[in-house]
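Structure at a glance
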Amino acid sequence: MRDYYIRATAANGQIRAFAANTTQMVDKAAKIHSTSPVASAALGRTLTAASFMGLMTGNNDDLITISIKGDGPIGGVLATSDGLGRVKGYVHNPQGNTPNKPNGKLDVSAAIGFGHITVTKDLGLKEPYAGTLELISGEIAEDIAGYCFQSEQTPTVLSLGVTIDKDYSIKQSGGFLIQLMPGYDDAIVDQLEAIMTGFPSLTQLLDLGETPETILDLLLAEFGYNITEKNEISYYCDCARHRVKSAVMSIGTKDLSKIIEEDGQAEVTCHFCAKQYIFEKDELEEMLNSSR
Ligand code: ZN
């Protein structure tokens, strides 16, 4: 089954919610970057959250980037989504590892360490908007929900889960996000807190075979809700030779000449999909001439 998300509104528009299955996008990301299990979990959680935040921008061309940097073994993770929830991302040290927690779970918090989260929104305006906060736990869901609350004053419940198979492929990945919209009743907060108390973790829900639809039903049934959207989401890199070419040209004529003399060609690898772009000497010389 392909990955998909559903969007819903509840409590007469006071709540907006998303739930998604992201197993394939995270498996693709883990294979591209050959991530360790804990790095796969960190990347998968961040990709899923980025997808939700991309969908929330409400405009297909908008871009949102979540960058988490820490002093732990994986160094941090970056994920970008467009307004359709299509994501790409990477881990700074994909092979970084940590011992599991005493309960056998992957220790994402220790793998990330202490650090910061930065969320950048490029909404097609002149300057992208960026906000940075200290990490709360390094578990990612808590850090991103904390960012939404502190930076955008939007009470947010975010739950993310990734489980890894013995062969390091992604067994299951998914998440849900619930936000209270401006003007919400305080009673809704109490009601939501009561639901969330003792609510199973996302990995438990996935192990039980719950789907985005049944998860949102468990969360929102008592508020009355409508599913307003259901669409596929995926890991998607939009890199292209012409864009890589302008990036190479932007290093300037001096460095370009140096590459031509010393290496005779340029090899550029996309951070997000690992695609290689090779520029031979002839092409580099043409690029040098046209940028003079
Ligand atoms: Zn790419």
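Along each chain, residue indices are assigned from 1 in the same order as the chain's sequence is written. Confidence filtering applies because this is a predicted model: local features only for residues at pLDDT of at least 70, side-chain atom pairs given and counted only at 80 or more, and all residues used for totals across whole chains, interfaces and linings. Values reported for side chains reflect all heavy atoms of the structure, with hydrogen atoms and water molecules removed beforehand.

So, on to a negative patch on the surface. Here, patches come from residues exposed beyond 30% relative accessible area and free of salt bridges, joined within 9 Å for like charges and within 5 Å for nonpolar side chains (Val, Leu, Ile, Met, Phe, Trp, Tyr). The accessible surface values rely on the Shrake-Rupley method and a 1.4 Å probe; as for residues, cover is taken only from the protein chains in view. The term salt bridge refers to a side-chain nitrogen of Lys or Arg lying within 4 Å of a carboxyl oxygen of Asp or Glu. In this tally, Asp and Glu contribute negative charge and Lys and Arg positive charge; neither His nor the terminal groups of the chain are included. All charge positions are set by atom: Lys at NZ, Arg at CZ, Asp at CG, Glu at CD. Judged by side-chain charge, Asp 185, Asp 186, Asp 190 and Glu 193 come together as a negatively charged surface patch. Strands here are runs of E lasting at least two residues and helices are runs of H or I lasting at least four, both read from the DSSP assignment and numbered beginning at the N terminus. Inspection of the secondary structure assignment puts Asp 186 in helix α5 (residues 186-196). The buried label applies to any residue whose accessible area, calculated with a 1.4 Å probe on protein chains only, is under 20% of its type's maximum; exposed applies above 50%, and partly exposed to all values in between. On the basis of relative accessibility, which here comes to 59%, the residue Asp 186 falls in the exposed class.

Quick look at the coordination of the zinc ion now. Ideal geometry at a metal gives 109.5 degrees between four tetrahedral donors and either 90 or 180 degrees between six octahedral ones. The rule for donors is simple: N, O or S, within 2.8 Å of the metal, or within 3.2 Å if the metal is Na, K or Ca. Water isn't counted, so a site may look like it is missing partners. Donor atoms from the polypeptide that bind the zinc ion are Cys 237 (SG), Cys 239 (SG), Cys 270 (SG) and Cys 273 (SG), placed at 2.2 to 2.3 Å. The site at the zinc ion holds 4 donor atoms, and with the angles between them running 104 to 115°, its shape is tetrahedral. Counting along the primary sequence, the residues that act as donors to the zinc ion give the motif C-x1-C-x30-C-x2-C. Separated by 36 residues along the polypeptide, Cys 237 in the loop between β10 (225-232) and α8 (241-249) and Cys 273 in the loop between β11 (265-269) and β12 (276-280) bring together distant segments of the chain. The exposure class of Cys 237 is partly exposed, given its relative accessible area of 21%. We classify Cys 273 as partly exposed; its relative accessible area is 23%. Angle rules define the geometry names used: all angles between 85 and 135 degrees makes four donors tetrahedral, while opposite donors over 155 degrees apart and all other angles between 65 and 115 make four donors square planar and six octahedral, leaving every other case irregular.

As a further point, take the nonpolar core. Ranked by size, the top nonpolar core spans 50 residues in total, and within it Ile 112, Ile 140 and Leu 158 carry the most contacts. For this core, the element with the highest residue contribution is helix α2 (residues 37-57), accounting for 12 residues. Excluding its chain neighbours within four sequence positions, the residues that come into contact with Leu 158 are Ala 49, Phe 52, Ala 141, Ile 144, Ala 145, Phe 176 and Leu 177. What we call a nonpolar core is a set of buried Ala, Val, Leu, Ile, Met, Phe, Trp, Tyr and Cys residues that are connected through their side-chain atoms within 4.5 Å. Listed in part, the 23 residues of the second largest apolar core include Ala 8, Ala 19, Phe 199 and Leu 220. Contacts are assigned to residue pairs that have any heavy atoms within 4.5 Å of one another.

Quick look at the sheet that holds strand β1 (residues 4-10) now. At least two DSSP bridges between two strands are needed for those strands to be called paired. Spatially, β8-β9-β2-β1-β10 is the arrangement adopted by the 5 strands of the open sheet, whose pairing is antiparallel. Looking at strand neighbours, the two that pair on one side only are β8 (156-164) and β10, the edges of this open sheet. Shown here is a sheet whose adjacent strand axes are inclined to one another by a mean of 10°, direction ignored. Pairing of β1 with strand β2 (residues 15-21) involves 7 bridges; the strand directions are antiparallel. Note on β2: the bridge partner recorded for Tyr 4 is Asn 21. Angles shown run from 0 to 180 degrees and are taken between the N-to-C directions of axes, each axis being a line fitted to C-alpha atoms and, for helices, limited to the stretch in contact.

In terms of domain boundaries, the protein chain breaks down into domain 1 (4-232) and domain 2 (241-291). The C-alpha-based centres of domain 1 and domain 2 are spaced at 36 Å. Here's the idea: put two parts together, see how much 1.4 Å probe accessible area each one loses, and the total over both is what we call buried area. Here domain 1 meets domain 2 over a buried area of about 440 Å², counting both sides, of which 74% is carbon and sulfur. Of all residues in domain 1, Ile 32, Lys 88 and Tyr 90 give up the largest surface area on contact with domain 2, accounting jointly for 75% of the area buried on that side. Inspection of the domain 1/domain 2 interface yields 0 salt bridges. Note that the domain bounds reflect an automated or database-derived domain assignment.

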